[in-house]
Amino acid sequence: MSLDRHLSDSRDHALAFEQQINLTVLGLGAAVRHIVIAVYARGHVLLEGAVGVGKTTLLRAVAQGLGGDFQRIEGTIDLMPADLLYYTYLANDGRPAVEPGPLLKYGDTLATFFFNEINRARPQVHALLLRAMAERSIHAFNRDYALPHIQVFADRNRVEKEETFELPAAAKDRFMMEINITMPSDNASLEQLMFNPRFHDTDALIAEIAPGTRYYELNSLAHTLQQQIQASPKLRDYALTLWKASHQPQHYGVQLSDVDMAQLMLAGASPRGMSYLIRAAKVSAWLAQRDYLLPEDIQAVFAVCMSHRLFLNPMYAYRKDQLLPELMNGILQQVAAP
Amino acid sequence: MRILFVLFLFVLGCSSSVDEPIRYFKVETPRPFGYVNGDEISQRIIFETRPGISLERASLPGKGPLNRWLNLNDIRVSQADDQHYQIDLRYQIFYAPLEVKALTLPSFELQLNQGEQHLSQTVPAWTFTLSPLRELVVRQTEQGEYMRPDSPPPLLNTRPALYGLLASVVTALALAVALAWQYGYLAFNGRRRLFKKALRTVSGISKNEMATGLQALHHCLNTLNGQPLFVHQLADFYQRHPHYQALHAQWLWFFNYSNRFYFSPGMTVVSGDIQQLKTLCQLARSIERGSR
């Protein structure tokens with residue numbers, strides 16, 4: 001099979017995969033598109049949203065569509081790193097026994113790992129997870145376990161602040177995207193979710209999803225895809241300007257109300273962040289049946305790839321939720337291409 | 001015998017009145033005295049002709065000097081119908097007599113036509129007396145100069161004319177400014193000259209300079225939009241500049257073409273593309289001028 005044909009068939013699978021997830025969780029089209037992009041760009045995702053809006057259903061649907069194993073763990077304040085690796089119990093014969101924990105249980109078939117309320121877990125747990133995310137391997141029982149296909153989805157509870165540990169900048173930076181999952185706004189979807197019995201039984205709903213691209217194909221497909229989608233010199237200039245603008249927005253004409261722009265930024269996007277941005281943009285271009293990047297591709301993923309990487313000066317941090325979207329919108333609106 | 005004679009006289013009388021070419025003729029003149037140098041004298045001639053007879057207008061005296069001291073200022077012929085004529089003449093005298101003097105308006109002949117035949121009617125001369133303006137010898141009196149200049153003529157009121165002139169000048173200036181605005185000649189009116197400049201740039205480009213042309217048009221749109229304009233923001237752009245929505249298809253072509261030109265590998269420019277870009281610039285320019 002030629003390379004183009006392979007990419008084209010895989011794109012059809014990806015679009016069908018997206019369509020099936022959209023049938024499973026209603027009214028989350030934009031979030032689903034971002035998750036599909038993250039899956040095919042092999043990036044970890046930070047989810048944000050209220051309770052009960054369908055985050056777990058969404059992730060189970062993704063896991064079902066990709067095949068492979070799905071594991072989930074709830075973040076609690078007493079969760080220790082070892083709890084991710086193993087658990088101990090007394091066996092029937094009365095002797096202590098050790099079994100692999102959620103991360104090790106399925107080994108290299110673990111495809112989707114959902115860490116619920118990650119900010120309730122201690123920094124030690126974050127550190128372990130970050131290694132698993134960055135290196136796709138983990139050290140336990142005196143040896144390294146490879147987790148080549150793992151993709152981590154973490155949910156951040158933003159309602160309660162008590163007994164939570166804010167993710168450090170380095171941890172956030174390892175996530176490709178932060179996706180906001182909001183409740184559907186149209187009445188038709190809300191009515192369906194309330195009254196259609198199909199949405200009441202999550203297991204049956206998930207079982208409807210037919211597998212498309214297999215999880216073990218994703219790494220090589222992502223590699224090929226990243227090689228094939230081209231970025232022209234003009235586009236590279238555009239991305240570079242965006243990057244610079246994320247550090248010094250005031251030099252690019254970005255102006256926010258009641259903000260001294262020279263004081264606003266503490267840190268802009270990291271090189272890893274920009275690399276993630278381009279990887280995600282390439283997947284967006286591929287889904288749009290192009291073999292070259294357009295500014296629209298970058299714009300489509302800019303907010304989700306950047307919002308958790310930009311750090312504001314502490315005096316503006318309390319207005320973060322208002323300022324960050326305005327800042328990103330301002331950067332996109334002020335930087336011209338070409 | 002007496003009866004026959006009376007009948008004869010009657011028939012003779014009737015035939016005579018029937019044969020007269022002019023049934024009625026009268027010259028109305030004003031008083032024949034008390035005129036001084038420069039006075040105008042009006043004369044009216046009223047006459048009625050037989051049917052079929054018409055006045056030969058060429059026989060009337062022409063306007064202008066008739067002799068050394070007499071000028072015919074105006075002559076008007078009016079007709080109530082084919083037979084009734086009224087001729088108004090207005091003479092002016094230029095004669096300074098030393099004492100009261102009788103002068104005569106000359107007589108002239110009115111020519112009348114009846115088919116091939118020519119008839120004439122004499123307008124008689126009219127005599128009147130003309131008086132001197134002053135005594136022969138200028139005398140000095142205690143009351144001052146006997147001869148004194150004319151009182152200066154009253155000045156015409158020029159104020160309405162001045163106001164009219166000012167209003168015209170202001171209107172003309174306003175129209176000139178409006179036209180300059182329309183044609184984008186005003187230097188501070190940058191937003192009305194955007195596509196004009198772009199058109200100038202695009203008009204001179206060759207296939208190798210496509211980037212210059214695209215850049216010029218992008219610059220126009222970005223400036224007009226107040227910030228960089230991307231294809232997915234066109235709807236917002238139309239809300240602020242609704243006139244440009246008429247070119248929606250052409251803008252889509254432009255953005256897609258620009259995307260392919262700048263971002264896709266292996267793009268080749270053909271001369272038709274430049275022509276299309278020029279046409280788009282011209283259309284946008286006509287919208288900018290308000291002529292579309």
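Residues numbered from 1 in each chain as written. Chains lettered and ligands numbered in written order. Predicted model: local features only at pLDDT ≥ 70, side-chain atom pairs only at ≥ 80, totals over all residues.

Participant: Just to check I follow, could you spell out the overall build of chain A for this structure?
Facilitator: The helix and strand tally for chain A stands at 16 helices and 11 strands. Across the 338 residues in chain A, those meeting the buried criterion constitute 41%. Counting only contacts in chain A whose residues sit at least 6 apart along the sequence, the fraction spanning at least 24 positions is 78%. (Helix = DSSP H or I, 4+ residues; strand = E, 2+ residues; numbered from the N terminus. Buried ≥ 20, exposed ≤ 12 C-beta atoms within 10 Å, placed from the backbone. Contact = placed C-beta atoms within 7 Å.)

Participant: I'm lost on the overall build of chain B in this one. Help?
Facilitator: Scanning chain B from terminus to terminus reveals 7 helices and 10 strands. Across the 292 residues that make up chain B, the buried fraction comes to 15%. For chain B, long-range pairs separated by at least 24 residues make up 61% of all intrachain contacts whose partners lie at least 6 apart in sequence.

Participant: Would you explain helix α3 (residues 55–66) of chain A in this entry?
Facilitator: All names here are of chain A. Here α3 is 12 residues long and its end C-alpha atoms lie 17 Å apart, about the 16 Å a rise of 1.5 Å per residue gives. For α3, a buried count of 10 out of 12 residues is recorded, marking the element as mostly surrounded by other parts of the structure. Residues Lys 55, Leu 58, Leu 59, Arg 60, Ala 61, Val 62, Ala 63, Gln 64, Gly 65 and Leu 66 constitute the buried set of α3. A positive phi of about 75 degrees marks Gly 67, the residue just after α3. (Expected span 1.5 Å × (residues − 1).)

Participant: Explain the interface of chain B and chain A to me, please; I cannot follow it from the model alone.
Facilitator: Where interface size is given, it is often the accessible area lost as the parts come together that is meant. Each partner contributes residues to the interface: chain B has 12 residues there, and chain A has 14 residues. Secondary structure elements with two or more residues in the side of chain B that touches chain A: α4 (210–225) and α6 (248–263) of chain B.

Participant: I'm lost on the sheet that holds strand β5 (residues 70–79) of chain B in this one. Help?
Facilitator: Hydrogen bonds between backbone atoms are what pair the strands of a sheet, whose relative direction is either parallel or antiparallel. Residues and elements named next belong to chain B. Spatially, the 5 strands line up as an open sheet ordered β1-β2-β6-β5-β4, and their pairing is antiparallel. Pairing within the sheet leaves two strands with one partner each, and these edge strands are β1 (22–28) and β4 (64–65). Examined bridge by bridge, β4 and β5 share 2 bridges and lie antiparallel to one another. When the sheet's bridge partners are listed, Pro 65 is paired in β5 with Asn 71. (Pairing = 2+ DSSP bridges.)

Participant: Could you clarify how one ought to interpret unusual backbone geometry in this entry?
Facilitator: What you tend to see is this: most non-glycine residues have negative phi, and most peptide bonds are trans. Residues and elements named next belong to chain A. Of note, Glu 117 is a non-glycine position whose phi angle comes to about 50 degrees, a positive value. Its identity is not glycine, yet Phe 141 carries a phi of approximately 50 degrees, on the positive side. Residue position: Phe 141 is located in the loop between β6 (137–140) and β7 (143–146). Since 11 C-beta atoms lie within 10 Å of it, Phe 141 is described here as exposed.

Participant: Quick question: what am I supposed to make of the sheet that holds strand β8 (residues 151–156) of chain A here?
Facilitator: All names here are of chain A. Pairing is parallel in the open sheet, where 5 strands are placed in the order β2-β5-β8-β1-β9. With one partner strand each, in any of the chains shown, β2 (69–74) and β9 (177–181) form the two edges of the open sheet. The mean inter-strand angle of the sheet, taken between neighbouring strand axes irrespective of direction, is 20 degrees. For strand β5 (residues 110–116) and β8, the ladder comprises 4 bridges, and the chain directions are parallel. Residue pairing for β8: Phe 113 is matched across the bridge by Val 152. Seen against the sheet, α3 touches β1 (45–49), β2, β5, β8 and β9 and runs at an angle of roughly 175 degrees to β5. (Axes fitted to C-alpha atoms, helices over the stretch in contact; angles between N-to-C directions.)

Participant: Quick question: what am I supposed to make of the confidence of the model for chain B here?
Facilitator: The predicted coordinates should not be examined in detail at positions where pLDDT is low. Per-residue confidence for chain B gives a mean pLDDT of 85, with 88% of residues at or over 70. At the level of chain-chain contacts, confidence expressed as ipTM amounts to 0.78, with global pTM at 0.68. (pLDDT = per-residue confidence, 0-100.)

Participant: Explain the pairing of β1(A) here, please?
Facilitator: On a regular strand, each side chain points to the face opposite its neighbour's, so the side chains alternate between the two faces of the sheet. Residue and element names in this part refer to chain A. Of all 5 residues in β1, 4 are buried; the element is thus mostly enclosed. Across 5 bridges, the pairing between β1 and β9 is parallel. Directly across from Leu 46, in β9, lies its bridge partner Glu 178. Across 4 bridges, the pairing between β1 and β8 is parallel. Across the sheet, the residue bridging to Glu 48 is Arg 156, located in β8.

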